[in-house]
Amino acid sequence: MYLRRIQNSSAKLSWANATRSFASTPSSDEDNESHDDFKSKNKQELSDYETTKTFLDNTIMKNDVVLFMKGTPVAPQCGFSNYVIQVFKFYNLKNYHSVNVLDSTQIREGVKKYSNWPTIPQLYVKQEFIGGCDIVKEMHMDGSLEDLLQKENLL
């Protein structure tokens, strides 16, 4: 038998005490040592969005075509991002700027808030949000993506 009974009654915890200890809020020292995903949101993180928003604004304004993607054009880390890159190759679109959202949690989450779109990749053409992979695929299939790229003198 592999189970042993704990002889020492002081070592026994009731279920209520055990759950209470797990549910307690960590002190600020403990919070600093926890993983970023589990840290509480604070004022600094809220102001970080303003920094991220400025980065997004500048990137989108300075480039005619911007793709926020997982990975890079040479090594996409997501099938959806890869699909958009393949569409760019189909049109021989070479003049675009890509941003690997896997490099920064702030950018990955910030671009979703910025566009009010929950998924990656995200495509911008001439400062206009086009959409994600599903929208790009639909536009590619019906010819409207090529029309847009031609109208904007990008092909």
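Residue indices begin from 1 for each chain and proceed along its sequence in written order. Where totals are concerned, whole chains, interfaces and linings use all residues; where local detail is concerned, this predicted model gives features only for residues with pLDDT of at least 70, and gives and counts side-chain atom pairs only at 80 or more. Just so you know, side-chain values use all the structure's heavy atoms and leave hydrogens and water out.

A.B. asks: Where do I start with the nonpolar core in this structure?
C.D. replies: One recurring pattern in soluble globular proteins is that nonpolar side chains are buried together. Core analysis: the largest hydrophobic core is formed by 19 residues, its most contacted members being Leu67, Phe88, Leu123, Val125, Leu145 and Leu149. Strands here mean DSSP runs of E at least two residues long; helices mean DSSP runs of H or I at least four residues long; both are numbered from the N terminus. Mapped onto this core, the elements with two or more residues apiece are strand 1 (65-69), helix 4 (79-90), strand 3 (122-125), helix 6 (133-142) and helix 7 (144-151). Of all the elements, helix 4 adds the most residues to this core, at four residues. Core analysis: the second largest hydrophobic core is formed by ten residues, Phe68, Val101, Val111 and Tyr124 among them. Grouping buried Ala, Val, Leu, Ile, Met, Phe, Trp, Tyr and Cys residues that are joined through side-chain atoms within 4.5 Å yields what is termed a nonpolar core. For every residue, the accessible area (1.4 Å probe, protein chains only) is compared with the maximum for its type, and the residue is labelled buried under 20%, exposed over 50%, or partly exposed between those bounds.

A.B. asks: What exactly am I supposed to notice about helix 7 here?
C.D. replies: Helical periodicity: at 3.6 residues per turn, an α-helix aligns residues three or four positions apart in one direction. Residues of helix 7 that are buried include every one of Leu145, Leu148 and Leu149, and no others. For helix 7, the angular spread of buried residues about the axis comes to 95°, placing them on one side. By definition in these notes, contact holds between two residues if any of their heavy atoms fall within 4.5 Å. Buried residues along helix 7 sit in contact with helix 4, strand 3, strand 4 (128-131) and helix 6. Count one or two residues on from helix 7 and you reach Asn153, which has phi positive near 55°. Of all possible arcs, the one meant is that of the directions from the helix axis to the C-beta atoms.

A.B. asks: Any chance you could explain the state of the cysteines here in plain terms?
C.D. replies: Covalent bonding between the sulfur atoms of two cysteines defines a disulfide. Any two cysteine sulfur atoms lying within 2.5 Å of each other are counted as a disulfide. Inspection of the entire model under this criterion finds zero disulfides. In this structure Cys78 is not part of a disulfide, and its nearest cysteine sulfur, from Cys133, lies 7.6 Å away. What makes Cys133 buried here is its relative accessible area of 12%.

A.B. asks: Hey, could you run me through the packing of aromatic side chains in this one?
C.D. replies: Think of a pair of aromatic rings as described by two things: how far the centres are apart, and how the planes are tilted against each other in angle. The pairing test for Phe, Tyr and Trp rings, Trp by its six-membered ring, is centres within 6.5 Å, and the orientation test on the planes gives stacked under 30 degrees, edge-to-face over 60, and tilted for anything in between. Scanning the model with the defined rule gives six aromatic pairs in all. A centroid spacing of 5.9 Å and a plane angle of 80° characterise the contact between Phe68 and Tyr124, whose relative ring orientation is edge-to-face. With Phe68 in strand 1 and Tyr124 in strand 3, this residue pair connects regions lying 56 residues apart in the sequence. Each member of the aromatic cluster is reached from another via a ring pair, and the members are Phe68, Tyr114, Trp117, Tyr124 and Phe129. Sitting above the plane of the Tyr49 ring, Lys113 keeps its charged end 4.1 Å from the centroid. We count a charge as sitting over a ring when the NZ of a lysine or the CZ of an arginine lies within 6 Å of the ring centre and within 35 degrees of the ring normal.

A.B. asks: What should I look at first to understand the sheet that holds strand 1 in this one?
C.D. replies: Across a sheet, paired strands are connected by hydrogen bonds in the backbone, their directions being either parallel or antiparallel. Strand order in this open sheet of four strands is 2-1-3-4, and the pairing throughout is mixed. Looking at the sheet topology across the chains shown, the edges are occupied by strand 2 (97-100) and strand 4. Along the sheet, successive strands turn relative to each other by an average axial angle of 20°, direction set aside. Strand pairing is assigned whenever DSSP identifies at least 2 bridges connecting the two strands. Summarising the sheet, strand 1 and strand 2 pair through four bridges and their orientation is parallel. Residue pairing across strands places Met69 opposite Asn100, the latter belonging to strand 2. Lines fitted to C-alpha atoms define the axes, with helix axes restricted to the stretch in contact, and inter-axis angles between N-to-C directions lie between 0 and 180 degrees.

A.B. asks: When you look at the confidence of the model for the protein in this model, what are you seeing that I'm missing?
C.D. replies: The predicted coordinates of low-pLDDT regions are not to be read in fine detail. Mean pLDDT for the protein: 81, with 70% of residues reaching 70 or above. Per residue, pLDDT captures the predictor's confidence, and it can take any value from 0 to 100. Contacts from residues 1-31, a stretch scored under 50 in pLDDT, to residues over four places away or in other chains number six contacts.

A.B. asks: Quick question: what am I supposed to make of the packing of helix 4 against helix 6 here?
C.D. replies: If you want to describe how two helices pack, look at the angle between their axes and the distance between the axes. Between helix 4 and helix 6, the least distance of the axes is 9 Å, while the angle of their chain directions is 30°. Between helix 4 and helix 6, the interaxial angle falls into the category roughly parallel. By crossing handedness, the relation of helix 4 to helix 6 is classed as left-handed. In this structure, helix 4 contributes Phe80, Tyr83, Val84, Val87 and Phe90 to the contact, and helix 6 contributes Cys133, Val136, Lys137 and His140. Taken together, the residues of the contact of helix 4 with helix 6 break down into seven nonpolar, one polar and one charged. Comment on the angle field: the value is read as roughly parallel under 35 degrees, roughly antiparallel over 145, roughly perpendicular from 65 to 115, and oblique elsewhere. The sense of a crossing depends on the near helix, which, turned anticlockwise from the far helix by less than a right angle, makes the crossing left-handed and, turned clockwise, makes it right-handed. Only Asp, Glu, Lys and Arg are considered charged in this grouping, and only Ala, Val, Leu, Ile, Met, Phe, Trp, Tyr, Cys and Pro are considered nonpolar; every other residue, Gly among them, is considered polar.

A.B. asks: I tried to follow the side chain of Arg108 on my own but got confused; where do I start?
C.D. replies: With respect to the helices, strands and loops of the structure, Arg108 is situated in helix 5 (residues 105-115). Counted as positive: Lys and Arg. Counted as negative: Asp and Glu. His and the chain ends are not counted at all. By salt bridge we mean one thing: a side-chain nitrogen of Lys or Arg within 4 Å of a carboxyl oxygen of Asp or Glu. Buried Arg108, no salt bridge; nearest opposite-charge side chain is Glu109, N-O distance 4.0 Å.

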